[in-house]
Amino acid sequence: MEQGKVQRHTISVLVDNEAGVLARVIGLFSGRGYNIESLTVAEVDNQAHFSRITVVTSGTPMIIEQIKNQLRRLVPVHRVTDLTLDGPSLERELVLVKVHGSGEKRVESLRIADIFRARVVDSTIESFVFEMTGSTEKLNAFINLMQPLGLVEVSRTGVVAIARGAEAI
Amino acid sequence: MASEPILGAEIIVKALIDQGVEVIFGYPGGAVLPLYDALFKQNQIKHILVRHEQAAVHAAEGYARSTGKVGVVLVTSGPGATNAVTGLTDALMDSIPIVCLTGQVPTHLIGNDAFQEADTTGITRPCTKHNYLVKSVDDLSRTIHEAFHVTRSGRPGPVVVDLPKDVQQTSGTYTNHAGERHRSYNPPVKPDRQQVEAAIALMAGAKKPLFYIGGGVVNSGPAATQLLVDFIRLTGFPCTQTLMGLGAFPGSDPLSLGMLGMHGMYEANWAMHDCDVMINIGARFDDRVTGKVSAFAPNSKKIHVDIDPSSINKNVRVDVPVVGDVGHVVEEMMRIWKARQIRPDAKALSAWWEQINKWRGRDCLKYKQDGEIIKPQYALERLYAAMKDRDYYITTEVGQHQMWAAQFLKFEKPQHWMTSGGLGTMGYGLPAATGVQVAHPDSLVIDVAGEASIMMNIQELSTLVQYRLPVKVFILNNRWMGMVRQWQELLHGGRYSESYSDALPDFVKLADAFGAHGLRATKTSELDGIIKQMIDIKGPVIVDVAVDEKENCFPMIPSGAAHNEMLLGPEDQSAKPISEEGMVLV
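Quick caveat, the model's predicted, so the values are computed rather than measured.

Definitions and limits used
Residues numbered from 1 in each chain as written. Chains lettered and ligands numbered in written order. Predicted model: local features only at pLDDT ≥ 70, side-chain atom pairs only at ≥ 80, totals over all residues. Heavy atoms only, no water. Helix = DSSP H or I, 4+ residues; strand = E, 2+ residues; numbered from the N terminus. Buried < 20%, exposed > 50% of the residue type's maximum accessible area, 1.4 Å probe, protein only. Contact = heavy atoms within 4.5 Å. Areas by Shrake-Rupley, 256 points an atom, 1.4 Å probe, with all protein chains shown as cover. Buried area = accessible area lost by both parts, 1.4 Å probe. Salt bridge = Lys/Arg side-chain N within 4 Å of Asp/Glu carboxyl O. Polar contact = N/O pair within 3.5 Å; in protein donor to acceptor, adjacent residues only side chain to side chain. Nonpolar A, V, L, I, M, F, W, Y, C, P; charged D, E, K, R; others polar. Pairing = 2+ DSSP bridges. Axes fitted to C-alpha atoms, helices over the stretch in contact; angles between N-to-C directions. Core = buried A, V, L, I, M, F, W, Y, C linked by side-chain atoms within 4.5 Å. Phe/Tyr/Trp six-rings, centres within 6.5 Å; stacked < 30°, edge-to-face > 60°. Lys NZ or Arg CZ within 6 Å of the ring centre and 35° of its normal. Expected span 1.5 Å × (residues − 1).

A tally of helices and strands in chain A yields 4 helices and 9 strands. In sequence order, chain A lays out its α and β elements as β-α-β-β-α-β-β-α-β-β-α-β-β. With the C-alpha coordinates of chain A rotated into their principal frame, the extents come out at 55 × 40 × 35 Å. When burial is assessed residue by residue, chain A has 42% of its 169 residues classed as buried. When contacts within chain A are restricted to residue pairs at least 6 apart in sequence, those whose partners lie at least 24 apart make up 72%. Summed over its atoms, the accessible surface of chain A is roughly 9,000 Å², and 52% of this surface lies on carbon and sulfur atoms.

In structure tokens:
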């Protein structure tokens, strides 16, 4: 019963920061066969003990609706918002990229990092660690360009997102 | 309302009493000894000692389903908890309110692979509505009360509370949190008014309407069920019930088309296929009901009333979703229907009934009883004749006998029919009947069983004997795992792989060994007398009814087929080979 085209959605879930809450969310996705493209989680309110989980998933409109309804059913879940559907939103990801090399390649990596507004956060004679923030696409582009220039390691956070405008969830 | 410090175990018992718990089904062990000690020192809660933890959960399910109350289970850590998993999954699939207290090793040993340690919250997370691990005595009162709120509100489901032994033995204060609003989980019960209006508008214009009602109606309680019965009668629309919904509408009412689905009534499935407005109340478009989804009621507008938004548009896209509790929704429907003085199209409705009566005329349950060999259908017809004027409750195991029971026994009231619908758990019926009989000590409680299923929890005979629970076990013994054999016959070329019940016990002697009564019927002429004896005997009885070994359960929608491709009987079988697509379905 899958109708419509598969689309990518960014869903924000506000939960009680308690033991096992992440396992509940992940277990729901794996148990029901939904995709997780990216997942981030951290406490966002240490008074009320709220954590915010941002999940990037994909599915037909019917599946996306199911995912949101299933998430809302979980007891420690306070709020579920679909940032892809509910008006314009911002998405950011942070990446740390380690590049190993010397000579012209080393200079070139620094030049491209400058174009992408990446920062050098660690440096040795033969390596750099760049830090960059941006959309998933921008990060992908940067990583691809670093590939031939000696890229040896990547660590990225996954997507965090928030709606534009004055309204809060 | 804080009070003097008491032991954690006593806090738990106090919370249970404040929640109105009267009975616990359980089995002791090392990690719950403090709790059993606290139970020993009080006399408000009765404990029923089962013989296996799976049975404790099924018994609590039987208790819950026949009373509308929360069923409570108490088991120890490790194997106690893992044995309960099948029962918990069963309760989750059938939306039954259960609170299951599990013992756990002391907090400082958690994660150490201690004796009888299991990651109970990890294991039960996918098979419960919610679960808790209580790490501090300060959280105990709130957690127990919250567990009861979660299990019975919204769509009910089992809740596990894992209780480390040291938490049970530490002193703390008890606070009564009953009735408190939960910080995040408060599912709405009142429907959106506009959605109800839209539903009524569809119903008012219907020419071939059909109510399709399920277990959600029963869960909404007897008052809501009665309201729905009144409403259906007001409309004059036909009504079919799911396996879980039997009894939600009186089975003998002329508006009732009986059960629908894979082994449902011919008229119910054809009406489902041909209807133009479907009013689904508290059912979830299960695959046993829909058959081939792409050919499911192709020309209908669908209304779906459900308390759980995730049930809506899950399997079948509907036109008018109404989220809310059946009681509230039907009350609103009734009010609008009466206020608008809605009169459905009488001419269209009478043509629809004429068509339905033609389907009824096919007499889809007919079978041939000739000679002395008892047909299972005949056994159930005789059973029904003997019990129908009494106050009866029926539980079943899983398989052919379960479907025949659903077809041949009628239910006039909700909460009188207990069967494992979603999970299809063999071994459900005997422990469930135990729970029902505990709740209704003077009623006639019968477990309609097969000889294979009954072996899965046969140890519970001991529980029946201990508490003098006069449950009747009515075994339709065909010496086969009948439903498996039927599918092997229809789908696998008659290769009966491992489905013969070899080395069966002598059930009469078995009953005797447990201290129960055993009876046997092998010929039609013996049947009525044996059934009468079974009912008259005051204690637990096993009746071994030797039935025709080769009888198959019809009518049947072959897997992967549509409602209008139903097979009526053995002569019908060759109509169409089962598709590749159908073969992979269960």
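Still more to cover.
The next point concerns the interface of chain A and chain B. Interface size is commonly expressed as the accessible surface area that is lost when the partners come together. Residue-level contacts link 16 residues of chain A with 19 residues of chain B. Both faces considered, chain A and chain B share a buried interface measuring about 1,600 Å² in area, 50% of it formed by carbon and sulfur atoms. The three residues of chain A that bury the most area against chain B are Arg24(A), Arg73(A) and Val75(A), which together make up 38% of that side's buried surface. At the boundary of chain A with chain B, the tally comes to 3 salt bridges. Note that Arg73(A) and Asp308(B) form a salt bridge whose closest N and O atoms lie 2.6 Å from each other. Counting across the interface, chain A meets chain B through 7 residue pairs in polar contact (both at pLDDT 80 or more). Residue assignment for the side of chain A that touches chain B shows that the elements contributing at least two residues are α1 (21–31), α2 (61–73) and β4 (77–82) of chain A. Of all the elements, α2(A) adds the most residues to the side of chain A that touches chain B, at 5 residues. For the side of chain A that touches chain B, the residue count by class is 6 nonpolar, 6 polar and 4 charged.

Sheets are built from strands that pair by backbone hydrogen bonding, the pairs being arranged parallel or antiparallel. Residues and elements named next belong to chain B. Strands sit in the order β3-β2-β4-β5-β7-β6 across an open sheet of 6 strands; the sheet is parallel. Strands at the two margins of the open sheet, each flanked by one partner only, are β3 (46–49) and β6 (130–133). The average angle at which neighbouring strand axes cross in this sheet is 20°, direction not considered. Against the sheet, helix α6 (residues 140–152) touches β4 (71–75), β5 (98–104), β6 and β7 (159–164), its axis set at about 165° to β7.

This next bit is on the nonpolar core. Residues and elements named next belong to chain B. One finds Phe211, Ile281 and Phe474 to be the most contacted residues of the largest nonpolar core, which totals 109 residues. Top contributing element to this core by residue count: helix α13 (residues 326–339), with 7 residues. Apart from the residues within four sequence positions on either side, Phe474 is in contact with Ala379, Leu380, Leu383, Ile446, Asp447, Val448, Ala449, Ile531, Met534, Val543 and Val545. Within the second largest apolar cluster, 46 residues are counted, among which are Ala55, Val438, Val473 and Ile475.

Quick look at the packing of aromatic side chains now. Under the counting rule described, the total for this entry stands at 19 aromatic pairs over all chains. Taking the centre distance of 5.9 Å and the plane angle of 85° together, the rings of Phe29(A) and Tyr34(A) count as edge-to-face. Summarising the burial analysis for this pair, Phe29(A) and Tyr34(A) share the class buried. Centroid distance Phe211(B) to Phe237(B): 6.0 Å. Interplanar angle 40°. Geometry classified as tilted. Of the two residues, Phe211(B) is situated in strand β9 (residues 209–213) and Phe237(B) in the loop between α10 (222–235) and β10 (239–241); the sequence distance between them amounts to 26 residues. Take Phe237(B): its relative accessible area is 0%, and that puts it in the buried class. Connected via pairs of aromatic rings, a cluster forms that spans Phe116(A), Phe128(A), Phe130(A) and Phe142(A). Against the face of Phe128(A) rests Arg106(A), its NZ or CZ located 4.1 Å from the ring centre. Above the ring of Trp480(B), the side-chain terminus of Arg485(B) is found at 5.9 Å from the ring centroid.

Residue and element names in this part refer to chain A. In this model, α2 (13 residues) spans 19 Å end to end at C-alpha, consistent with the 18 Å of a helix rising 1.5 Å per residue. All of the buried residues in α2 are Met62, Ile64, Gln66, Ile67, Lys68, Asn69, Gln70 and Leu71. Those residues of α2 that are buried lie in contact with β1 (7–16), α1, β3 (50–59) and β4.

Bringing the pattern of salt bridges into the picture now. Scanning all chains against the criterion turns up 30 salt bridges over all chains. In this structure, Glu91(A) engages Arg8(A) in a salt bridge whose closest nitrogen and oxygen atoms are separated by 3.7 Å. Of this pair, Glu91(A) sits in strand β5 (residues 89–100) while Arg8(A) sits in strand β1; the two residues are 83 residues apart in sequence, bridging distant segments of the chain. Two residues, Asp345(B) and Lys207(B), come together in a salt bridge whose shortest N-O distance is 3.2 Å. Here Asp345(B), found in the loop between α13 and α14 (346–360), pairs with Lys207(B), found in the loop between α8 (193–204) and β9; they are 138 residues apart in sequence, far enough to count as distant. It is possible to trace a salt-bridge network through shared partners that takes in Asp16(A), Glu18(A), Arg142(B), Glu146(B) and Arg183(B).

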